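Here is how the chains run, residue by residue.
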Amino acid sequence: MMIGMQSVLPEVHIEQYEGPYDLLVELAKKEQVKLADISLKELTDSFLAYIKEYEINSEIIGSFLIVASTLLLIKARQMLPSVQSEEDEEVLHLRQRLAEYEKFREVSEALRTRWKLHELLPAHYFAEGEFSEPQNDDSMPDITSLSLAAALHNLIDRIPPAPQPSAHLTRRGRSLQEIFALFRDRLELANKLVFQETVHGSSRQDQALSFLAILEMARKNSVRLEQEDAFSTLTVHKL
Amino acid sequence: MTSLAQHIEALLFTAGEAVLLSEMAQILNVQEAEIVLALQEISNALQGQGIALVTTATHAQLVTSQSVAEFLAQFLSQDDKELSRAAMETLSVIAYRGPISRYDIDTIRGVDSRRMIRQLLLRGLLRQIRTAGQTSLYDISEEFLMKLGMTNKKELPEFASLSISEHLNRLLEETK
Amino acid sequence: MTSLAQHIEALLFTAGEAVLLSEMAQILNVQEAEIVLALQEISNALQGQGIALVTTATHAQLVTSQSVAEFLAQFLSQDDKELSRAAMETLSVIAYRGPISRYDIDTIRGVDSRRMIRQLLLRGLLRQIRTAGQTSLYDISEEFLMKLGMTNKKELPEFASLSISEHLNRLLEETK
């Protein structure tokens, strides 16, 4: 039975996930298993559905797409049997990273429950504001107004700058919906197209999304994919 | 050290000033005689350390011990007429951005400024503006302004641009 | 307690906030290694008292001890902001693996952490360690430890295994 993407998407919109690993851990949680014990294959659909459905902050979308492209490998194997089937290095790598990440996640959950529960206090903590008038004028140090301005300048200079979005991650790419539309339009005209030619010259991000789009269309039986072997030309036929 | 003595020591440490024995007895829900015994215990435990306990018939206070008095006097005299960089920065934030809450001062400096504010208040450089039911705000004192030879803050160098620094506004906005 | 330890304790008490180890070494005219030893001595001397010593790689601060934290909690207001899941996750990575570069933080979390790091710096929970000509490294501040009721990061759960994971070292190496 074909499961529609929406149905495998539980109430994820409640929270904005803080990163692709975070999302994967949460998706695994919904299956009530630890990430280490679930095959990534089982989470791929929900993960891809999430990034397709929800607007992800432009600063972190790049990280989601990197993971998406790895997960796409898994998905590609499902749909294109000609792609070699052994677990490739990239997927293995992702698994290992997730395993390490999950350890920190777990420990941070534990620390969160302790946060400010029984904190240690500095000296004079309760002393704020209990002051009388200054003792005498001598206590006033020598300060010039210029040194005051200099001190503030100094402080402003030290404030860490707001992060500049890095160009390779955040250059506004196309949304998955836009890419769907693009392929649909082209197929309307041509009935078939060669994937590699269509995405030629577009960013890695857009290529990953394009691949996701055609896999999704194949799944919904609106196209048929044809590929001789792993790295040969992929032809998309309109059905 | 008994648990009672530990609690008292922590109270004195966080109070940062002399505390009434009767007040401690009330907070800890014990007799004053027990407080006196516990104070003796604290005093013994601090033997030979850099911190000591001073007690009078009515009050107790943690202070630095006699053994380090000379060193501290020498060290503290150095910055008597000079403010540390941290103090200067705190003062500059308050001068240009005041009246301002401690929370906002902390945000701009990125560190807890309680002690700095206390120090500046003690030196008469600041005034605290208290409104019932609201957080205190701080501004520079009239005396300090006079000392700078000014009658109004607006006479501070670059006041117009620094007091409404976009940079700082954004920072405060972000952390709200 | 040695005279040096007494001086340091008095200095920390007077400061009332975190003091740089290097600054203490300079004031007391000794090597930083001697400061570290003396801090250990202070920490031992304070065992079982209501005051304790928090130490990080770069700073030390006198604080109330864990044994009185529950008692003091009743006097604290609960109005302070909570820490988000992502913030704690980032802090955990830094606490266990710090001093750590942003690149490695990103690798472990699988996501760009710049904005988060900046917010944590502004809240005083992190410290940026700048080394001339090299990338900045980050480590947690004593403020972070104090909020968790800890005096040293070695008290973090599973510290030994998470801080020196061979596996993770290799992963970070591979992504360089």
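A brief report on the enclosed structure follows. Numbering of residues begins from 1 in every chain and follows the order in which that chain's sequence is written. Think of it this way: whatever chain is written first is A, whatever ligand is written first is 1, and the rest follow in order. Only residues with pLDDT of 70 or above have their local features reported here, since the model is predicted, and side-chain atom pairs are shown and tallied only from 80 upward, although totals for entire chains, interfaces and linings are computed over all residues. Values reported for side chains reflect all heavy atoms of the structure, with hydrogen atoms and water molecules removed beforehand.

**Describing the side chain of A:R105**
Part 1: Numbering of helices and strands starts at the N terminus; helices are DSSP runs of H or I of at least 4 residues and strands are runs of E of at least 2. Secondary-structure assignment places A:R105 in helix 4 (residues 89-114).
Part 2: The definition of a polar contact used here is a pair of N or O atoms within 3.5 Å, where within protein one atom must be able to donate a hydrogen and the other to accept one, and adjacent residues in sequence count solely through side-chain atom pairs. At a separation of 2.6 Å, a polar atom in the side chain of A:R105 contacts the side chain of A:E26.
Part 3: Other than its neighbours up to four places away in sequence, A:R105 contacts A:D22, A:V25, A:E26, A:K29, C:R85 and C:E89. Should any heavy atoms of two residues lie within 4.5 Å, those residues are counted as being in contact.

**So, the interface of chain A and chain C**
Part 1: Taken together, the contact pairs 45 residues of chain A with 57 residues of chain C.
Part 2: Values labelled buried area give the accessible surface lost by two parts on being combined, using a 1.4 Å probe and summing over both. Of the roughly 4800 Å² buried at the junction of chain A and chain C (both faces included), carbon and sulfur atoms supply 62%.
Part 3: It is A:F104, A:W115 and A:L120 in chain A that bury the most area against chain C; as a group they hold 19% of the surface buried on that side.
Part 4: Each reported salt bridge corresponds to a side-chain nitrogen of Lys or Arg within 4 Å of a carboxyl oxygen of Asp or Glu. Between A:E119 and C:K147 there is a salt bridge, with its nearest N and O atoms 3.2 Å apart.
Part 5: Taken together, the links from chain A to chain C amount to 9 residue pairs in polar contact (both at pLDDT 80 or more).
Part 6: When residues of the side of chain A that touches chain C are traced back to their parent elements, those giving at least two are helix 1 (20-30) and helix 4 of chain A.

**Focus on the interface of chain B and chain A**
Part 1: Each partner contributes residues to the interface: chain B has 42 residues there, and chain A has 33 residues.
Part 2: Of the roughly 3700 Å² buried where chain B meets chain A, counting both sides, 65% is carbon and sulfur surface.
Part 3: Where chain B touches chain A, the interface holds 0 salt bridges.
Part 4: The tally of links between chain B and chain A comes to 5 residue pairs in polar contact (both at pLDDT 80 or more).
Part 5: Here the nonpolar group is Ala, Val, Leu, Ile, Met, Phe, Trp, Tyr, Cys and Pro; Asp, Glu, Lys and Arg are the charged ones; every other residue, Gly included, is treated as polar. Taken together, the residues of the side of chain B that touches chain A sort by class into 21 nonpolar, 7 polar and 14 charged.

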